[in-house]
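So the chains spell out like this:
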Amino acid sequence: MGEKNELFVSYMERLIRLTHIEPFDRESYKELIIEICDTYKLSKGAIEFYNTPHMEQLGKGEVFCDFDSGKDSTILLRIRIESSTKAVIIGTLYTTNDFEDYTNEELTELDTMLRIIIGFVSRKRILRMLENFGFYDIDGYRNFRSFVRYLDFANAENRLGGMVAFHIDLHNFTMVNQEVGRDNGDIVLKKYYDLLTETIGDKGIIARLGGDKFIGVLNRSIKRQVFDLFSGTTISINEASDQKIYISAATGVFMIPNPFMLMTYGDIMDKIMLAGMTAKRQSKGSIIVYDEKMKKAQSHVKKVQTEFREALKNEEFRVYYQPKVDIETKKLKGSEALCRWIKDKTIIPPNDFIPILEMNTDICQLDFYMLDHVCKDIRRWLDEGREVVRVSVNFSRKHLIDVNVLEKIIATIDKNNVPHEYIEIELTETTTDVLFSDLRRVVCGLQEQGIKTAVDDFGVGYSSLNLIRDLPWNVLKIDKSFVPKNIEEEESIQNKMFKHVISLAHDLGLECVIEGVETLDQLEVLRKNNCNIAQGYFFDKPLPLEDYENRLDERFYSMPY
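Here goes a summary of the coordinates provided. No experiment lies behind these values; they were computed from the predicted model shown. (Residues numbered from 1 in each chain as written. Predicted model: local features only at pLDDT ≥ 70, side-chain atom pairs only at ≥ 80, totals over all residues. Heavy atoms only, no water.)

1. A short note on helix 10 (residues 292–313)
Right, on to step 1. In this model, helix 10 (22 residues) spans 33 Å end to end at C-alpha, consistent with the 32 Å of a helix rising 1.5 Å per residue.
Right, on to step 2. Glu 307 marks the point of greatest bend in helix 10, at about 35°.
Right, on to step 3. Within helix 10, the full set of buried residues consists of Met 294, Val 301, Val 304, Phe 308, Ala 311 and Leu 312.
Right, on to step 4. Residues of helix 10 that are buried sit in contact with helix 9 (266–280), strand 11 (287–289), strand 12 (317–326), strand 13 (331–343), helix 11 (354–357) and helix 12 (362–383).
Right, on to step 5. In the segment just after helix 10, Glu 315 is the residue with positive phi, at about 55°. (Helix = DSSP H or I, 4+ residues; strand = E, 2+ residues; numbered from the N terminus. Expected span 1.5 Å × (residues − 1). Bend = angle between axes of the 7 residues up to and from the residue. Buried < 20%, exposed > 50% of the residue type's maximum accessible area, 1.4 Å probe, protein only. Contact = heavy atoms within 4.5 Å.)

Here it is, written out as structure tokens:
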């Protein structure tokens, strides 16, 4: 065997050894590549890797170059391979423009070595690609598989005990997308994730469940730094812009006891999800730590959700009507339909089931049930010759994800042959996680059909003025917490705000209804600010059907005030 053949065999042996042993010796491999290029008078060697042929066409891939002399070069040998996974690997060898021709033997040797290198790079890159497919989502976030893999490793190494598991759900991120656009919203989300990832470092993991929801575990030593980011931090959209977005999260936390042995992923997931749901219902930036009381609450949730459909079928839900009164004339002006669940002759308080039904779309079924029963009552009253007043029916904003909700509301009313003027649809203001365009579509559609619309709980949500500025409401229902408690303190901030909100509503042609009126002092506040319509226990609590029909027949309140 000639000297050159022996050298080729030596290169082959070294290449195979270096590309098939772990851990990979990067420096020795690079030295060998430089030596081969020098022996064969190559000016440059490069490997390109593309995930798909389409990415190859776009030029979006990775290029690896371990030797480049910087001299003017021409392509000597180029090999393109498309793997069974549709990844594309291209190997290219270059020589200087003034170098003499290579022999067939030399070209064969270079072809053989280049294929070994291509095989090595493709194997490494495909393994990494499979790692990305398996443990990262399409946007580059660690996924649920990454999270459970971390749990498995930490559990096997007995490291989970004493760590902190968490679930976060970013507050009002739909509104962020509306404010800055979805592309910028994606940038803000990724920057927040990267900030958390950097802060957690090698002391835990954070992974995305989907959308703006994340889970993870971390060492207690960094709990304060990470929790500060959960409570709220400012993220800039880009370096060139001064625009910054404040991001906070509803956080559910499980303080993993020590010692702790993970038997199923539910041992952690169930707890952080339950605490997270509780945090979602709390104030902005809240952090809720799991405790056993939540387990009992979860049992109640499951019980309500299980019994709901049967209760709906058996008509256990009843319509109670709370009157709205003109405080000057003492005349009944309208009413609000409120739901009561009567089970085994016991009234279940609304707070014990309404928030649970709002966790999913069960509340939508209940809303239409209520609307249908209100329409049936109104139709009967009309047929009996009663003087009917407008009835408001509450609708959850969860309906807005249904593109056909407007048509369904109208169909329910028309099915019962009820004139549209007797129905008012209330949408609570405190829910802000809906697209404004969907809200506009429904409100404007109802207006076109002569169906009144009301903003419920005005003054509770942060977007109050935007709502009455941009949408054509008929009625403003002002929450009792917004009403001043002392009429004498005219210079107080609350009195001034109340006065100007009422004045603004009147200027916009909106009817004002004050909720929760219970005292004569409150009535005086309303009178002084030209608010004529009141609803509350001062006049009536929510009334069962028969009692409300008596009120409907009486028309006027006889109480002296």
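2. Points about the nonpolar core
Right, on to step 1. Counting 78 residues, the largest nonpolar core has Phe 317, Leu 366, Ile 423, Trp 473, Phe 498 and Leu 526 as the members making the most contacts within it.
Right, on to step 2. For this core, the leading source of residues is helix 12, giving 11 residues.
Right, on to step 3. The residues contacting Phe 317, other than those within four sequence positions of it, are Phe 308, Ala 311, Leu 312, Cys 339, Arg 340, Trp 341, Phe 353, Leu 366 and Tyr 369. (Core = buried A, V, L, I, M, F, W, Y, C linked by side-chain atoms within 4.5 Å.)

3. Observations regarding unusual backbone geometry
Right, on to step 1. A cis amide bond links Asn 258 to the next residue, Pro 259, at an omega of 10°.
Right, on to step 2. Residue Glu 315 is not a glycine yet carries a positive backbone phi of 55°.
Right, on to step 3. With a phi close to 50°, Asp 344 is a non-glycine residue in the positive phi region.
Right, on to step 4. Relative to the assigned elements, Asp 344 resides in the loop between strand 13 and strand 14 (346–348).

4. Observations concerning the sheet that holds strand 2 (residues 62–68)
Right, on to step 1. With antiparallel pairing, 4 strands are arranged side by side in an open sheet as 2-1-4-3. Two strands lie at the open edges of the sheet, namely strand 2 and strand 3 (73–82), each paired on one side alone. The average undirected angle you get between the axes of adjacent strands in this sheet is 15°.
Right, on to step 2. As paired elements, strand 3 and strand 4 (residues 88–96) share 9 bridges and run antiparallel to each other. Its bridge partner being in strand 4, Thr 74 is matched across the sheet by Thr 95. (Pairing = 2+ DSSP bridges. Axes fitted to C-alpha atoms, helices over the stretch in contact; angles between N-to-C directions.)

5. Brief notes about the packing of helix 12 against helix 13 (residues 405–415)
Two numbers describe a pair of packed helices, the interaxial angle and the distance between the axes.
Right, on to step 1. Look at helix 12 against helix 13: their axes get within 8 Å of each other, and the N-to-C directions meet at 25°. When the axes of helix 12 and helix 13 are compared, the pair comes out roughly parallel. Viewed along their axes, helix 12 and helix 13 form a crossing whose handedness is right-handed. Facing helix 12, whose interface residues are Phe 368, Leu 371, Asp 372 and Cys 375, helix 13 presents Val 405, Lys 408, Ile 409, Thr 412, Ile 413 and Lys 415.
Right, on to step 2. Partitioned by chemical class, the residues of the contact of helix 12 with helix 13 number 6 nonpolar, 1 polar and 3 charged. (Parallel < 35°, antiparallel > 145°, perpendicular 65-115°, else oblique. Left-handed = near helix turned anticlockwise from the far one by under 90°. Nonpolar A, V, L, I, M, F, W, Y, C, P; charged D, E, K, R; others polar.)

6. Observations concerning the sheet that holds strand 6 (residues 204–210)
Right, on to step 1. The strand order 6-7-5-10-11 describes an open sheet built from 5 strands, whose pairing is mixed. Each edge of the open sheet is held by one strand with a lone partner, namely strand 6 and strand 11. Mean inter-strand twist for the sheet, computed between neighbouring axes without regard to direction, equals 20°.
Right, on to step 2. Where strand 5 (residues 164–170) lies against strand 7 (residues 213–218), 6 bridges are found, and the strand directions are antiparallel. Opposite Val 164, over in strand 7, you have Leu 218 as the bridge partner.
Right, on to step 3. Sheet strands touched by helix 5 (residues 144–156): strand 6 and strand 7. Its angle to strand 6, the strand with the most contacts, is close to 145°.
Right, on to step 4. Sheet contacts for helix 9: strand 5, strand 6, strand 7, strand 10 (249–255) and strand 11; angle to strand 10, the most-contacted strand, approximately 145°.

7. A few points about the packing of aromatic side chains
Right, on to step 1. Under the counting rule described, the total for this entry stands at 22 aromatic pairs.
Right, on to step 2. Relative to Phe 120, the ring of Tyr 29 has its centre 5.4 Å away and its plane inclined at 50°; by these criteria the two rings are tilted. Here Tyr 29, found in helix 2 (residues 26–39), pairs with Phe 120, found in helix 4 (residues 104–135); they are 91 residues apart in sequence, far enough to count as distant.
Right, on to step 3. Of the residues examined, Tyr 29 reaches a relative accessible area of 3% and is grouped as buried.
Right, on to step 4. The class of Phe 120 is buried, set by a relative accessible area of 5%.
Right, on to step 5. Where Trp 341 meets Phe 353, the ring centres are 5.5 Å apart and the plane angle is 90°; that geometry is what we call edge-to-face. Here Phe 353 lies in the loop between strand 14 and helix 11 and Trp 341 lies in strand 13, a separation of 12 residues in the sequence.
Right, on to step 6. Classification of Phe 353 by relative accessible area gives buried; the value is 0%.
Right, on to step 7. Members of the aromatic cluster, connected to one another through ring pairs, are Phe 308, Phe 317, Trp 341, Phe 353 and Tyr 369. (Phe/Tyr/Trp six-rings, centres within 6.5 Å; stacked < 30°, edge-to-face > 60°.)

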